[in-house]
Amino acid sequence: MTLGLLDGRPLPRAPLDRRLAALRSGPRATALPQPGSSEDRQLTRWVAQVLLTEVLCEAVAAEHSLPVDTVGPARLDQQAAVELGSITAAAYEGSAAVRAVFLWVTAGIEPPAEDVAHYRETTTRPPAVRWRLALPGGESEADPDTLPRALAEALRAAPVGEWVTAGPWTAARLATTTPEATPDPTPLLRGAARRAAFVRWLDHERALRLTLVEGLEHPGDPAQPDNHHRH
């Protein structure tokens, strides 16, 4: 009746049973697998790993006197959740201790300057000019290159605000706008670098300090009987 072992110390299973009961009585209960099925046992393993991650980070936070209470709630976007992995992402969103340890582990990590430069080089595109147009039926915005060629040429030649007609098309160019320059990619790359570093650190600490028990193995462990994923 243990959840697992932390530094050789058995952890009670009761929190796992409470977490599962809350899920099965919650608003998404109908989306959960049938109790007793292989998928249900995989769900139990998954929730167990989330709890073990939380317990491990609670221990680390206590050992280093991290200010857990000052770390507010969090909601990861899809990319961040994928980079962390589903178990770590769930623990991160659900536990202030996990978020506090994340901040502690990743403090000061910055993306290499060459990575930022490479990202800029491969993603920066010339800003597209857009026209705000007056049309017989109202106003619209358009990229000049998407307009009929004859209309675009007439609009370029005419003063701003002057109506022109080219074939069946009539319009007036009211304004020309250029989108803002590509934003600095450093914050984006910093977030990715810090998530990658945290995943590496957490994998090491899990292997070093946690011992899993039979029936609550990692759901992706190919040795456990309910892992049907095969390559």
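Residues numbered from 1 in each chain as written. Predicted model: local features only at pLDDT ≥ 70, side-chain atom pairs only at ≥ 80, totals over all residues. Heavy atoms only, no water.

### A word on the pairing of strand S2 (residues 9-12)
Rule in force here: Strands are treated as partners if at least two bridges between them are detected by DSSP. Secondary structure is summarised from DSSP: a helix means a run of H or I of at least four residues, a strand means a run of E of at least two, and numbering begins at the N terminus for each.
Sheet topology note: the strand S1 (residues 2-6)/S2 ladder contains four bridges and is antiparallel. Note on S2: the bridge partner recorded for Gly4 is Leu11. The hairpin formed by S1 and S2 contains two residues between the paired strands, and Asp7 there has a positive phi angle of roughly 55 degrees.

### Section: the sheet that holds strand S6 (residues 169-177)
To keep it simple, the criterion reads: For helices, the axis comes from a line fit to the C-alpha atoms of the stretch in contact; other axes are also lines fit to C-alpha atoms, and the angle between any two N-to-C directions lies between 0 and 180 degrees.
Read from one edge to the other, the open sheet built from four strands follows the order S4-S3-S6-S5, with strand pairing classed as antiparallel. Sheet topology places strand S4 (138-142) and strand S5 (163-166) at the edges, where each strand pairs with a single neighbour. For this sheet, the mean angle separating the axes of adjacent strands, direction not counted, is 35 degrees. Bridge analysis of strand S3 (residues 130-135) against S4 gives five bridges, and the strand direction is antiparallel. Along S4, the bridge assignment pairs Trp131 with Ala142.

### Brief notes about the sheet that holds strand S7 (residues 210-211)
For clarity, the threshold we go by: Here, residues are in contact when the closest pair of their heavy atoms is within 4.5 Å.
With antiparallel pairing, the three strands of this open sheet are ordered in space as S2-S1-S7. Since the sheet does not close on itself, it has two edges, and those belong to S2 and S7, each with one partner. Here two bridges tie S1 to S7, and the two strands are oriented antiparallel to one another. Bridged to Leu6 within S7 is Leu210. Across the sheet, helix H2 (residues 38-63) is in contact with S1, S2 and S7; its angle to S1 comes to roughly 35 degrees.

### Structural notes on the nonpolar core
How we decide: Grouping buried Ala, Val, Leu, Ile, Met, Phe, Trp, Tyr and Cys residues that are joined through side-chain atoms within 4.5 Å yields what is termed a nonpolar core. Only protein chains enter the area calculation, which uses a 1.4 Å probe; residues under 20% of their type maximum are buried, those over 50% are exposed, and those in between are partly exposed.
One finds Leu3, Leu16, Leu84, Val101, Phe198 and Trp201 to be the most contacted residues of the largest nonpolar core, which totals 35 residues. When contributions to this core are tallied by element, the ones reaching two or more residues are S1, helix H1 (14-24), H2, helix H3 (78-84), helix H4 (86-94), helix H5 (96-106) and helix H8 (186-209). At eleven residues, the largest contribution of residues to this core is made by H2. Residues within four places of Trp201 in sequence aside, it is in contact with Val60, Val101, Trp104 and Val105.

### As for the pattern of salt bridges
To be explicit about the condition: Every case where a carboxyl oxygen of Asp or Glu lies within 4 Å of a side-chain nitrogen of Lys or Arg is listed as a salt bridge.
Evaluated as defined, the whole model comprises 16 salt bridges. With its nearest N and O atoms 2.7 Å apart, the salt bridge here joins Asp7 to Arg209. On the criterion of sequence distance, the pair formed by Asp7 in the loop between S1 and S2 and Arg209 in helix H8 is long-range, its members being 202 residues apart. Here Arg209 falls in the buried class, since its relative accessible area comes to 11%.

### Some words on H4
Regarding H4, the residues found buried are Ile87, Thr88, Ala89, Ala91 and Tyr92. Buried-residue contacts for H4 involve H2, H3, H5 and H8.

### Concerning the environment of Leu56
Here Leu56 lies in helix H2. Among the residues examined, Leu56 registers a relative accessible area of 0% and is labelled buried. Between the alpha carbons of Leu56 and Gly108 there is a distance of 22 Å; along the sequence they are 52 residues apart.

### Re the packing of aromatic side chains
Ring pairs (aromatic) are described by centroid distance and by the angle formed between their planes. Spelled out, the test is: Between the rings of Phe, Tyr and Trp (Trp by its six-membered ring), a pair exists once the centres lie within 6.5 Å; its type follows the angle of the planes, with under 30 degrees stacked, over 60 edge-to-face, and the other angles tilted.
With the rule as written, the count across this model stands at four aromatic pairs. Their ring planes at 80 degrees and their centres at 5.4 Å tell us that Tyr92 and Phe102 sit as a pair that is edge-to-face. On the criterion of sequence distance, the pair formed by Tyr92 in helix H4 and Phe102 in helix H5 is long-range, its members being ten residues apart. Since its relative accessible area comes to 14%, Tyr92 is described here as buried.

Interpretation note: all reported values are geometric properties and have no functional meaning in isolation.
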